[in-house]
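Below, each chain spelled out in residue letters.
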Amino acid sequence: MVTNSSRRNRSALAGALRGLALGRVALGSAALVAPRTLTTALGVRPTPELDYMTRIFGARAIALGLGYLTAPAEELPRWQRLALLVDILDTTHGGVRVLRGDIPRPTAVALVALTGGYMLVGATRLARDLL
């Protein structure tokens, strides 16, 4: 039985996923347009190699965000799960970096918090879809 409360929860979660998709597009655009500004803001010393990698990240983020935002309703679960996979991988990799201490800790923690937040929302949606 679907209650009003569960409908509201699903609606709020759908809004959160849409907001995250918009965030992916915004952050991805910043990474493409101004990679040095973005990396400097994160406390990382910019290099030409890092500019290139930041732009790759930006393109990926834009693709995931726009894919979700423009998909027909029946394809949204696929896009959400693809984004969740990326967020799990990014968060896991970031967590390893935090443990290793091989990049500035505030940077690693901030990025893990960002990708981890995306991951938690996506995992919540997946769990609700599977119930």
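Residues numbered from 1 in each chain as written. Predicted model: local features only at pLDDT ≥ 70, side-chain atom pairs only at ≥ 80, totals over all residues. Heavy atoms only, no water.

Visitor: I would appreciate a short explanation of the overall build of the protein chain in the present structure.
Guide: Helix and strand counts for the protein chain come out as five helices and zero strands. Along its sequence from the N terminus, the protein chain presents helices and strands in the succession α-α-α-α-α. Considered along the principal axes of its C-alpha atoms, the protein chain spans approximately 55 × 30 × 20 Å. Expressed as a percentage of the 131 residues in the protein chain, the buried residues total 28%. (Helix = DSSP H or I, 4+ residues; strand = E, 2+ residues; numbered from the N terminus. Buried < 20%, exposed > 50% of the residue type's maximum accessible area, 1.4 Å probe, protein only.)

Visitor: What is the right way to read a nonpolar patch on the surface from this model?
Guide: Residues Leu42, Leu111 and Leu114 make up a contiguous nonpolar surface patch of about 200 Å² in total accessible area. Within the secondary structure, Leu111 is located in helix H5 (residues 105-130). (Patch = residues over 30% accessible without salt bridge, like charges linked within 9 Å, V, L, I, M, F, W, Y side chains within 5 Å. Areas by Shrake-Rupley, 256 points an atom, 1.4 Å probe, with all protein chains shown as cover. Salt bridge = Lys/Arg side-chain N within 4 Å of Asp/Glu carboxyl O.)

Visitor: I keep staring at H5 and nothing clicks. Help me out?
Guide: Note that an α-helix has 3.6 residues per turn; residues three or four places apart therefore point the same way. Compared with an ideal rise of 1.5 Å per residue, which puts 26 residues at 38 Å, H5 spans 36 Å between its outermost C-alpha atoms and is within 8% of the ideal. Inspection of H5 places Thr107, Ala108, Thr115, Gly116, Tyr118, Gly122 and Arg125 among the buried residues, and these make up the whole buried set. (Expected span 1.5 Å × (residues − 1).)

Visitor: Looking at this model, I keep getting lost on the pattern of salt bridges. Mind explaining?
Guide: Between side chains of opposite charge, a pair can form as their charged atoms come close. Within the structure shown, the criterion is met by seven salt bridges. Between Arg60 and Asp90 there is a salt bridge, with the nearest N and O atoms lying 2.6 Å from each other. Here the residue Arg60 occupies a position in helix H3 (residues 48-70), and Asp90 occupies one in helix H4 (residues 76-100), the gap between them amounting to 30 residues. Exposure remark for Arg60: the relative accessible area of 32% places this residue in the partly exposed category. Taking the relative accessible area as the measure of exposure, Asp90 reaches 23% and is therefore partly exposed. Of the charged contacts, one joins Asp129 and Arg125 as a salt bridge, the two residues approaching to 2.9 Å between their closest N and O atoms. Pair noted here: Asp129 and Arg125 are both in helix H5, with a separation of four residues, about one helical turn. Taken together, the shared-partner salt bridges in this structure form one network comprising Arg81, Arg125 and Asp129.

Visitor: When you look at H3 in this model, what are you seeing that I'm missing?
Guide: Look at H3: 33 Å from first C-alpha to last across 23 residues, which is about the 33 Å you get at 1.5 Å a residue. Among all positions in H3, only Asp51, Thr54, Gly58, Ala61, Ile62, Leu64, Gly65, Gly67 and Tyr68 are buried.

Visitor: Hey, could you run me through the packing of H3 against H4 in this one?
Guide: The packing of two helices is summarised by the inter-axis angle and the distance between the axes. Where H3 meets H4, the axes come as close as 9 Å, and the angle between the chain directions of the two elements is 155 degrees. Classified by the interaxial angle, the pair formed by H3 and H4 is roughly antiparallel. Note on packing geometry: the crossing formed by H3 with H4 is left-handed. Here H3 contributes Arg60, Ala63, Leu64, Gly67 and Tyr68 to the contact with H4, which in turn contributes Leu76, Trp79, Gln80, Leu82, Ala83, Val86 and Asp90. Among the residues making up the contact of H3 with H4, the classes are represented as eight nonpolar, two polar and two charged. (Axes fitted to C-alpha atoms, helices over the stretch in contact; angles between N-to-C directions. Parallel < 35°, antiparallel > 145°, perpendicular 65-115°, else oblique. Left-handed = near helix turned anticlockwise from the far one by under 90°. Contact = heavy atoms within 4.5 Å. Nonpolar A, V, L, I, M, F, W, Y, C, P; charged D, E, K, R; others polar.)

Visitor: Help me understand the environment of Thr115 in this model?
Guide: Tracing the backbone shows Thr115 in helix H5. Put simply, Thr115 and Thr91 are 24 residues apart on the chain and 5.5 Å apart in space, counted from C-alpha to C-alpha. If near-sequence neighbours (up to four positions away) are discounted, Thr115 is found in contact with Asp87, Asp90 and Thr91.

Take it as geometry only, folks, not as evidence of what the structure does.
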